[in-house]
Amino acid sequence: MIEVEGLTKRYGSHLAIDDISFSVAKGEILGFLGPNGAGKTTTMRILTCFFPATGGSARVAGYDCFEDSMEVRRRIGYLPENVPLYVDMKVDEYLSFVAGVKGVDAGATADRVARTMHECGLEDVSGRIIGQLSKGYRQRVGLAQALVADPEILILDEPTIGLDPNQIRDIRKLIGELAGARTVILCSHILPEISMVCGRVVIINKGRLVAIDTPENLARQLHHAATIFVRVAGPAEDVVAALGGIPGVREVEVEATHGDGANGYVVAVDEGADVRRAIPPVIVEHGWDLEEIRAREASLEDVFVELVTSEVAA
Ligand SMILES: Nc1ncnc2c1ncn2[C@@H]1O[C@H](COP(=O)(O)OP(=O)(O)OP(=O)(O)O)[C@@H](O)[C@H]1O
Ligand SMILES: [Mg+2]
């Protein structure tokens with residue numbers, strides 16, 4: 001549905017994105033993850049035909065974003081990072097107006113607007129002036145304007161910024177529900193948001209693509225993905241020393257102290273070492289209680305930190 005090849009964008013002499021390639025299948029939710037200034041918004045602006053790339057190509061539904069921008073625009077709903085809204089209009093008027101501009105049939109407009117307001121939780125404020133809404137509700141109106149023409153593709157640039165935790169949960173749920181019916185690109189630097197709703201993730205840093213895979217595979221590929229969590233009732237220093245003495249253990253960190261004297265330990269393990277079976281006998285030997293032992297999977301956050309910091313170091 002979306003194909004990006006060797007995309008490059010310069011602002012003057014500044015290379016904002018550098019030879020980025022990826023594709024998004026129909027019905028997929030792709031996460032676009034990167035720190036501030038990585039080039040997320042720049043990439044989305046090219047896809048939404050806001051400005052042309054300096055090099056490479058971007059195609060949406062088979063249409064070139066530069067050559068056939070009208071065809072591309074017709075298929076995309078875009079929530080930009082700063083939503084430009086007509087602050088003097090009422091919510092329902094504004095959404096009807098946007099529907100008209102985007103070519104929704106006059107006969108179908110009322111139904112589309114009502115449906116979109118329902119999806120975005122705007123029914124209670126449909127008659128309110130946009131400029132008088134809270135930031136979170138304005139963000140919802142932004143999402144609604146992206147959805148109102150029922151586009152095949154949705155591009156959302158930081159959709160949950162400025163929302164309260166309840167609204168964040170609602171919007172994420174809404175984005176999740178859009179999967180299948182629509183193709184979605186979700187830009188964010190909020191990791192849980194991406195791992196929660198996206199099937200696949202692109203990680204970019206300083207304009208370059210550093211990884212593309214499912215959140216699970218990315219976590220698995222991580223260099224030291226093998227970590228074991230144990231909870232032991234015993235003197236922390238001695239436990240750290242005993243665990244650290246097990247062959248294959250690279251590092252032991254005290255994670256959490258509990259009231260009952262059982263501390264949590266994060267045990268980093270060399271790849272391939274069978275440390276899990278070696279731990280219980282050591283604990284028993286010292287007369288301590290083993291309260292919990294489990295493999296701790298690397299999170300997308302670990303991957304992100306590893307990839308982005310190793311890039312910086314390189
Ligand atoms: N119009 C512009 N003119 C010059 N440089 C720009 C312009 N827009 C962005 N840049 C630069 O290009 C780089 C990428 O910016 P971009 O806005 O795409 O990053 P981003 O990943 O969206 O970051 P954020 O998470 O902060 O939104 C940054 O170094 C930024 O300063
Ligand atoms: Mg941005």
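Residues numbered from 1 in each chain as written. Chains lettered and ligands numbered in written order. Predicted model: local features only at pLDDT ≥ 70, side-chain atom pairs only at ≥ 80, totals over all residues.

(A) Expanded view of the overall build of the chain. From N to C terminus, the chain includes eleven helices and 14 strands. Projected onto its principal axes, the C-alpha coordinates of the chain cover approximately 80 × 45 × 30 Å. Taken over 314 residues, the chain has a buried fraction of 35%. (Helix = DSSP H or I, 4+ residues; strand = E, 2+ residues; numbered from the N terminus. Buried ≥ 20, exposed ≤ 12 C-beta atoms within 10 Å, placed from the backbone.)

(B) Layout of the domain arrangement of the chain. Taken domain by domain, the chain holds domain 1 (2-220) and domain 2 (226-296). The gap between the C-alpha centroids of domain 1 and domain 2 is 44 Å. (Domains from an automatic or database assignment.)

(C) Main features of helix α9 (residues 236-244). Buried within α9 are the following residues: Val239, Ala242 and Leu243. For α9, the buried positions fall inside an angular range of 95 degrees around the axis, keeping them on one side. Among the exposed residues of α9, those oriented more than 90 degrees off its buried face are Glu237 and Ala241. On its buried face, α9 is in contact with β11 (227-233), β12 (249-256), β13 (262-269) and α10 (279-285). (Arc of directions from axis to C-beta. Contact = placed C-beta atoms within 7 Å.)

(D) Examining the site of ligand 1 more closely. Close contacts around ligand 1 come from 13 residues, with Tyr11, Ala16, Lys40, Thr41 and Thr42 the closest. Where the shell around ligand 1 is concerned, the elements lending two or more residues are β2 (14-24) and α1 (40-47). The leading source of residues in the shell around ligand 1 is α1, at three residues. Tallied by class, the residues present in the shell around ligand 1 amount to three nonpolar, eight polar and two charged. (Near = placed C-beta within 6 Å. Nonpolar A, V, L, I, M, F, W, Y, C, P; charged D, E, K, R; others polar.)

(E) Here's a closer look at unusual backbone geometry. In this model, Asp19 sits at a positive phi of 55 degrees, which is unusual for a non-glycine residue. Tracing the chain through its elements places Asp19 in strand β2. Phi is positive for Glu158, close to 55 degrees, though the residue is something other than glycine. Tracing the backbone through its elements, the reader meets Glu158 in the loop between β7 (153-157) and α6 (165-178).

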